[in-house]
Amino acid sequence: MSEAHVTMGAHTAAPMEAPPFAIPSKKLAMWLFVMADVMTFAACVAAYAFTRNATPDWPRPFHSVTAVAVMTVIMLTSGLTMLIALGAAKAGDKAGAFRWMMITAVAGIIFTLLHIRDWMGMIDQGVGLLHNPWGTAAFGASFYAITGFSLLHISIGTIALIIVAIRYQGGRYNADDIEIVSIFWQFVGLVWLFIVPVVYLMNQTPAAR
Amino acid sequence: MTTAERHGIGKYVAVYICLLVITALQFVIGYQNIQGTQLVVRMLTFAIIETLLVVLFFMNLGSEKPVFVKFVVYFMLFVLATMNYIWTDSFRLLLFRLTKVGPS
Amino acid sequence: MHDTSTHAAAHHGPPTSFIRKHVFSLDHKVIGKQYYGLGLVAVIIGMVLSWVMRIHLAWTAYPIPGLHLLSGTGAPGNVMTPEFYLQVMTMHATFMVFFVLTVVPFAAFGNFFLPIHTGAEDMPFPHFNMMSFWTTFVAFCVMLLSFFVGDGPTLGGWTQYAPLSAVGAVAGPGQGSGVIIWATSIAIFCVGQLFGALNFIPNVLDLRCKGMSMWRLPMPTWAWFITSCMGLTSFSVLMPACILLILDHVAGTSFFVASNLVINDQLQPHSGGSTLLWQHLFWFFGHPEVYIAIVPGMGIVSHVLITNMRKPMLSHRVLVYSMGALAVLSYMVYGHHMFVSGMNPFSSLVFSFPTLLITIPSTVIVLVWIGSLYGAKLRINAASLFALGFISMFITGGVSGFFLAQPSIQILLHATYFVVAHFHFTMAIAALFGIFSGTYFWFPKMWGRMMNDNLGKLHFWLTFIGVYAIFMPMHYLGLAGNVRRYQAFVVDYMQPLVGVHQFITIAALFTGAVQLIFIYNFIHSRFWGEPAPENPWQGTSLEWSVPSPPPHDNFGGKHPVVYHDPYQYGVQSSTGDYLMQDSPEQVKGAQDEP
Ligand code: HEM
Ligand SMILES: [Cu+2]
């Protein structure tokens, strides 16, 4: 996003070949970045899946996942508010776009705080990278590795949202830039939608039969 | 909400509700007494449906040119598929551990 | 979305301050040269390290003057300890694979020529491009640092196999801080290359000038495009793998360490991980990486050969499709590095099939080259000789690949000098010959002066003989059972082979010394060479339509328009036997498929 001051097509447009994908380069670059990032997460999940599958006594210790449910609702909703912001920006409603982006960013902040609270709760229960009350040490390590990576993305995404919103307000960015940050935001939301079943729900204590 | 904001939001709200419902189903499954392969299959099936919804609508891939959609989808499916070579070793390790021979 | 904004051409004025011009430059050409310089420094370091190893292998007790400067404890009396040998080997491989073979053919030449080939003024995101170089530079400095921190660099080899790489200092010198530094450096490197790929792909897709359809892109640009697609999804797997490795170290987790391991008589506290997991993640990156190193060379060699044959290849498209097939297959074969690692034998079977398949596109590429060369009147100069050398190395290395691809044969050959010969011919020397070929060919364009061609030819012949003398006997050593990554051959059955090692060492020192000719030629030509004309080789692609070196925005404010396929040779035009891509002239016999 640091390229915004580079005039994009604003100067006497050079005659060019039509781009095959017919999307702006910045958006293409964001998609490519997302594709690379998918592989980064895939590698982390592969490490977790490999270990978990091969561990016969893998624990399923989570009793209550209410907090996770709340976090999921917040994350999904923030995806929707992001899209509302994008729609407003495309329709030229600057104030609305800014407002909805800020709402999205606030959702991101609340999510981050809840996530940290969740972590604190785990740490209180004695779940560390090396030890946990329930058995194999790999449980804690892969839990923190995957959720930590995701948390990192979400906090970076929140900061990006705020920066883009402010610059959009100041006139340096336009609806296209909001669309790009939206793609990233939806992607981190999607990652969370994978983390919920794979990391939380599959480690949920099954109801007694 | 102004009219401009409401423009085209209906579709997104529908997808949003679908996503909420699917996630809720996942939570229900999580609480039931389902284990092993069954659990994985169900969770992943729902997660994949969610992926489709998010990627097509929230990330708006659905409204891009078909050639771009193909580029992204085939590229990703292919590299993700090649990651699955890990399973042979994971299951073999499990076998070792269950039979208490070989490396642990 | 406005229509014009799809062309995110980057326009920035020419820089004025020294820092902006030469250090933190946004100009893809300066960044390309910076990458080249980084590669040059790395290759010299890597080469000196290889000499040190070779001397030790042949004359184990011989003191190498000054060696103690490299390590506090590793070289008492200037003779390497076994551990220090492995540390030197690891650093040799790391510098070569990451900072030479990835950096030069892909990042250096690609940065300089890809935007010119597509007719663009610069990369789409010059700031990311600048960051790409400087992150790579930081990675390089971090890697160098490991010589001077703790007990030296890691000794785990460029593949950094767990568990010894994951348990910390107990596994030997350098396995403590050394591994952490290694993994940090490589993780940073991955980020740098990601920035690169994020520029290359949009440039090729979006910034092509009028008339430059995809099929009109010259071969190297196709190669860089395919390579960036590979880099995009392989470096991004190595990066988290390195982070998990660092976690195993720093936090004591056990992703890559199994339970109840006893190392150096100490029971390790780890439990529950698997060493094979690291190998899976590493080779998922590792095998595409070897093609990241070689595919740009294939593009460069095709470009150089076509220009010097004065006729197009038998088929441009078959070459492109084959390179694409290599890229696709490279993701499916990675387990052939793990045949004897304790991997599930069933997977060996599964992996050996695509591994044998991957020889098909390789063979097709070689056949297209040879078929095109057949009957051609090749101009002999340093660039074309190195291109021929590339083909020779690639064939030699490919043939040994056929053997290694079969699990049953590999049980014998794995971790012997046969493998060393295989990958040095394919990856190392072939890619280096691609680099040399590209340098002799493009030097006039990059630095605006001609290189001395006679010195170049001399450099070629001596190097060609030298590398065959070094690596051919290694096949024999491998078949005789000489294991790899050993610091001395004192075991009875290897003792008789020491003579061969001494021969190889002499050849290596000779070949290394020969590179001084290149360095002299490079430096001398850079400052005192004859000024280069715009188009010294009568080439057709866009880089030859601009001054040498090209101006800041490549085309001097003009917007190039392309009318022809990249390689219109053997035609009758007003300029001679070739037709530039941007010449509007229509001549008989020119193939202009859109
Ligand atoms: C003709 C096609 C090829 C086949 C069938 C093939 C097969 C193999 C096999 C089976 C191995 C494992 C040997 C062992 O560890 O025991 C190997 C190692 C290796 N190959 Fe190839 N290969 C081919 C081409 C290439 C090319 C084109 C490159 C590089 C550009 C390359 C680079 C390497 C490297 C670097 C290693 C050694 C890695 C290490 O252990 O450090 N190969 N090859
Ligand atoms: Cu390989």
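Residues numbered from 1 in each chain as written. Chains lettered and ligands numbered in written order. Predicted model: local features only at pLDDT ≥ 70, side-chain atom pairs only at ≥ 80, totals over all residues. Heavy atoms only, no water.

Visitor: How would you explain the site of ligand 1 if you had to name every residue and give the values?
Guide: Residue and element names in this part refer to chain C. Surrounding ligand 1, one finds 22 residues, the nearest of these being Trp158, Gln410, His414, His422 and Arg484. The contact in question runs from an oxygen atom of ligand 1 to an N or O atom on the side chain of His414, over 2.7 Å. Of all the elements in the fold, those that place two or more residues in the shell around ligand 1 are α7 (275-309), α11 (382-404) and α13 (417-447). If you tally residues by element for the shell around ligand 1, the top one is α13, at five residues. (Near = heavy atom within 4 Å. Polar contact = N/O pair within 3.5 Å; in protein donor to acceptor, adjacent residues only side chain to side chain. Helix = DSSP H or I, 4+ residues; strand = E, 2+ residues; numbered from the N terminus.)

Visitor: Quick rundown of unusual backbone geometry? Include the residues and the values.
Guide: Residues and elements named next belong to chain C. Of the consecutive residues Ala162 and Pro163, the connecting peptide bond is found in the cis state with omega at 5 degrees. By the secondary structure assignment, Pro163 is in the loop between α4 (126-145) and α5 (177-206). Each neighbour pair has its own omega, and for Ser548 with Pro549 the value is -15 degrees, a cis peptide bond. If you trace the backbone, Pro549 turns up in the loop between α15 (498-528) and β3 (568-573). Its identity is not glycine, yet Ala415 carries a phi of approximately 60 degrees, on the positive side. When its relative accessible area of 27% is taken as the criterion, Ala415 is described as partly exposed. One non-glycine residue, Gln538, lies in positive phi territory at about 55 degrees. (Buried < 20%, exposed > 50% of the residue type's maximum accessible area, 1.4 Å probe, protein only.)

Visitor: Describe in detail the nonpolar core, supporting the description with residues and values.
Guide: Judged by nonpolar contacts, the single largest core of 299 residues is most densely connected at Phe98, Phe109, Phe256, Met298 and Trp369 of chain C. Per-domain counts for this core show at least three residues from each of domain 1 (1-63) and domain 2 (65-104) of chain B. If we skip the residues at most four places from it in the chain, Trp369 of chain C touches Met298, Val301, Ser302, Met313, Leu319, Phe390 and Ile391 of chain C. (Core = buried A, V, L, I, M, F, W, Y, C linked by side-chain atoms within 4.5 Å. Domains from an automatic or database assignment. Contact = heavy atoms within 4.5 Å.)

Visitor: Can you explain the coordination of the iron atom of ligand 1? Please cite residues and give values.
Guide: Tetrahedral metal sites with four donors have an ideal angle of 109.5 degrees; octahedral sites with six donors have ideal angles of 90 or 180 degrees. All names here are of chain C. Exactly one donor from the protein chain reaches the iron atom of ligand 1: His422 (NE2), at 2.1 Å. Here the iron atom of ligand 1 and the copper ion (ligand 2) are spaced 4.3 Å apart. Summarising the element assignment, His422 is placed in helix α13. (Donors = N, O, S within 2.8 Å, 3.2 Å for Na, K, Ca; no water.)

Visitor: Describe the coordination of the copper ion (ligand 2), with residues and values.
Guide: Ligation of the copper ion (ligand 2) by protein atoms is provided by His287 of chain C (ND1), His336 of chain C (NE2) and His337 of chain C (NE2), these donors lying 1.8 to 2.0 Å from the ion. Counting gaps between the donor residues of the copper ion (ligand 2) yields the pattern H-x48-H-H.

Visitor: Hey, could you go over empty space enclosed by the protein for me, with residue numbers and the actual values?
Guide: Enumeration according to the criterion identifies six cavities of 30 Å³ or more in this entry. Lining the second largest cavity are Met75, Leu76, Ser78, Gly79, Trp185, Gln186, Gly189, Leu190 and Leu193 of chain A together with Leu19, Val54 and Phe58 of chain B. Counting only elements with at least two residues in the lining of the second largest cavity, the list comes to α2 (66-90) and α5 (175-200) of chain A together with α3 (36-58) of chain B. Sorting elements by how many residues they give to the lining of the second largest cavity places α5 of chain A first, with five residues. When its residues are assigned to classes, the lining of the second largest cavity shows eight nonpolar, four polar and no charged. (1 Å grid on protein atoms, 1.4 Å probe; cavity = no way out; pocket = protein on both sides within 12 Å on 5 of 7 lines; lining within 4 Å. Points joined across faces, edges and corners; volume = space filled by probe spheres on them. Nonpolar A, V, L, I, M, F, W, Y, C, P; charged D, E, K, R; others polar.)

Visitor: Please provide a residue-by-residue account of the interface of chain B and chain C, values included.
Guide: Chain B puts 14 residues into the contact, and the matching count from chain C is 27 residues. Summing both sides of the interface, chain B and chain C together bury roughly 1600 Å²; the carbon and sulfur share of this comes to 67%. Taken together, the connections running from chain B to chain C amount to zero salt bridges. Here chain B is connected to chain C by seven residue pairs in polar contact (both at pLDDT 80 or more). Going through the elements one at a time, α4 (66-82) and α5 (86-99) of chain B are the ones with two or more residues in the side of chain B that touches chain C. With six residues, the single largest contributor to the side of chain B that touches chain C is α5 of chain B. Among the residues making up the side of chain B that touches chain C, the classes are represented as eight nonpolar, three polar and three charged. (Buried area = accessible area lost by both parts, 1.4 Å probe. Salt bridge = Lys/Arg side-chain N within 4 Å of Asp/Glu carboxyl O.)

Visitor: Could you give an account of the confidence of the model for chain C, with specific residues and numbers?
Guide: Residues and elements named next belong to chain C. Scored by pLDDT, chain C has a mean of 92; 97% of the residues are at 70 or more. This model gives residues 1-10 a pLDDT under 50, and the stretch forms 34 contacts once residues within four places in sequence are excluded. At the level of chain-chain contacts, confidence expressed as ipTM amounts to 0.93, with global pTM at 0.94. (pLDDT = per-residue confidence, 0-100.)

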